[in-house]
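Coordinates in review
So the chains spell out like this:
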Amino acid sequence: MDTKEAIEVLKRIISIPSFSGEEGQVADVITGILQKYRFDVHRQGNNVWSRSPEFDAAKPTLLLDAHLDTVRPGGAWDTDPFTPTVRDGKLYGLGSNDTGGSIVSMLAAFIILNRKPQAYNLVYLGSAEEENTGAGGIQRVFPELGRIDFALVGEPTGMRPAIAEKGLMVLDCHVAGVSGHAAREEGVNAIYGALQDIEWFRTYRFERVSELLGAVKMSVTGIEAGTVHNVVPATCRFMVDVRVNELYTNLQILDTIRRHVKCEVSPRSISLDSSSVPAEHPVVRRCRELGLEPYGSPTTSNQAVIPCTSLKIGPGDSARSHTANEYIRLDEIERGIETFVRILDWIII
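Residues numbered from 1 in each chain as written. Predicted model: local features only at pLDDT ≥ 70, side-chain atom pairs only at ≥ 80, totals over all residues. Heavy atoms only, no water.

Here we look at the overall build of the protein
A tally of helices and strands in the protein yields 8 helices and 18 strands. For the protein, whose C-alpha radius of gyration is 23 Å, the value lies close to the compact-globule estimate of 20 Å for 349 residues. Counting only C-alpha atoms and orienting by the principal axes, one finds that the protein spans roughly 80 × 45 × 35 Å. Considering the protein as a whole, with its 349 residues, one finds that 52% of them fall into the buried category. Long-range contacts, defined as pairs at least 24 residues apart, comprise 79% of the intrachain contacts of the protein with a sequence gap of at least 6. Counting every atom, the protein has about 15700 Å² of accessible surface; 49% of that belongs to carbon and sulfur. (Helix = DSSP H or I, 4+ residues; strand = E, 2+ residues; numbered from the N terminus. Rg over C-alpha atoms; globule rule 2.2 N^0.38 Å. Buried < 20%, exposed > 50% of the residue type's maximum accessible area, 1.4 Å probe, protein only. Contact = heavy atoms within 4.5 Å. Areas by Shrake-Rupley, 256 points an atom, 1.4 Å probe, with all protein chains shown as cover.)

Side note on the sheet that holds strand β5 (residues 90-92)
Sheet architecture is open: 3 strands sit in the order β4-β5-β18, paired in antiparallel fashion. With one partner strand each, in any of the chains shown, β4 (85-87) and β18 (327-329) form the two edges of the open sheet. For this sheet, the mean inter-axis angle between neighbouring strands, taken without regard to orientation, is 25°. Note: β4 against β5, 3 bridges, orientation antiparallel. Within β5, the position partnered with T85 by the bridge is Y92. Helix α3 (residues 96-113) rests against β5 and β18 of the sheet, and its axis sits at about 45° to β18. Sitting on the sheet, helix α8 (residues 330-344) is in contact with β4, β5 and β18, with an inclination near 65° to β18. (Pairing = 2+ DSSP bridges. Axes fitted to C-alpha atoms, helices over the stretch in contact; angles between N-to-C directions.)

Considerations on unusual backbone geometry
A cis geometry characterises the amide bond from D98 onward to T99, with omega recorded as -5°. Within the secondary structure, T99 sits in helix α3. A positive phi angle, near 65°, is found at R38, a position not held by glycine. Mapped onto the elements of the fold, R38 is located in the loop between α2 (24-36) and β1 (42-44). Here the phi dihedral of M159 falls at roughly 60°; this positive angle occurs in a residue that is not glycine. Note that M159 resides in the loop between β7 (150-154) and β8 (162-165). Residue class for M159 comes out buried when judged on its relative accessible area of 1%.

Re the pattern of salt bridges
Summed over all chains, the structure comprises 16 salt bridges. Note that K36 and E5 form a salt bridge whose closest N and O atoms lie 2.9 Å from each other. Placement of K36 in helix α2 and of E5 in helix α1 (residues 3-14) is noted, with a sequence separation of 31 residues between them. Overall, K36 belongs to the exposed group, its relative accessible area being 52%. The partner of R342 in a salt bridge is E338, and the shortest N-O contact between them spans 4.0 Å. Taken together, the positions of R342 and E338, both in helix α8 and 4 residues apart, correspond to about one turn of that helix. Beyond isolated ion pairs, a larger network of salt bridges with shared partners links R320, R329, D331 and E332. (Salt bridge = Lys/Arg side-chain N within 4 Å of Asp/Glu carboxyl O.)

This is the structure we're talking about:
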């Protein structure tokens, strides 16, 4: 599978809506490519995977994972998000950058690397429901893959290895007051109570700052209160996005928050902890040898939910993800395939 074929496969993928939970047709495309190159294919739900033909249980196993789902198109697109359009060396379309480039680059690398014996087994996985951390995604299928010793998670990083990424908690906060008529000194205004806690979220600083990921970041990203102008609101709800560095667990951050605020705090999940890989891991060392400088990523990925050591890497630019007129450069796909092969060819993990 060469760059030209990889680009044509990506065009097919872009033309198929594949929102979280609706990735089946894209999984069919991946299945067809793997079968064309005579690989066995396994499916569970909308997840599709294949293993090295000469699988040897005595060898370590390395996973290539790229998610098949996209967010829904937003903003003002200049073109149809589902019509792949090439202009000035760029391929436009929903999911082209996040993370279609990784899907096809990893698929091509999987095919190329299996042309000769390697010091490891290789598994390629096109996973579902990454964008919403759904129960039908990689968490569902991971136990079926067998022992995985290391994983490369495909996301747009400019082919720089993200050796740490921030964890995520989304908090729903509730402040209770007492309703009353706004014209009289009645009630307890829930908004005023919420303001104190919101100010705490805005100004509090956690002590431990990571060299790779920086400080823990908390952002109030939504608020809801009141129904009519003349009634003191009895309820105020607000939402907080918390990005956690590798020096804390989500549970430690949650405990600190609850000690400092008066509102009721309900996390939607505490499972998306920060992750990191040792700087001296053989894959990280190989990346450095190739001039690929490691960094820490502020965004989350499937790394947060898989129980093995991993790093995040792939063609494209994270700043283009979830935006109108999303694109990937054609030369980024070519470089992605070449770089994945150079990183992994006969590496010992």
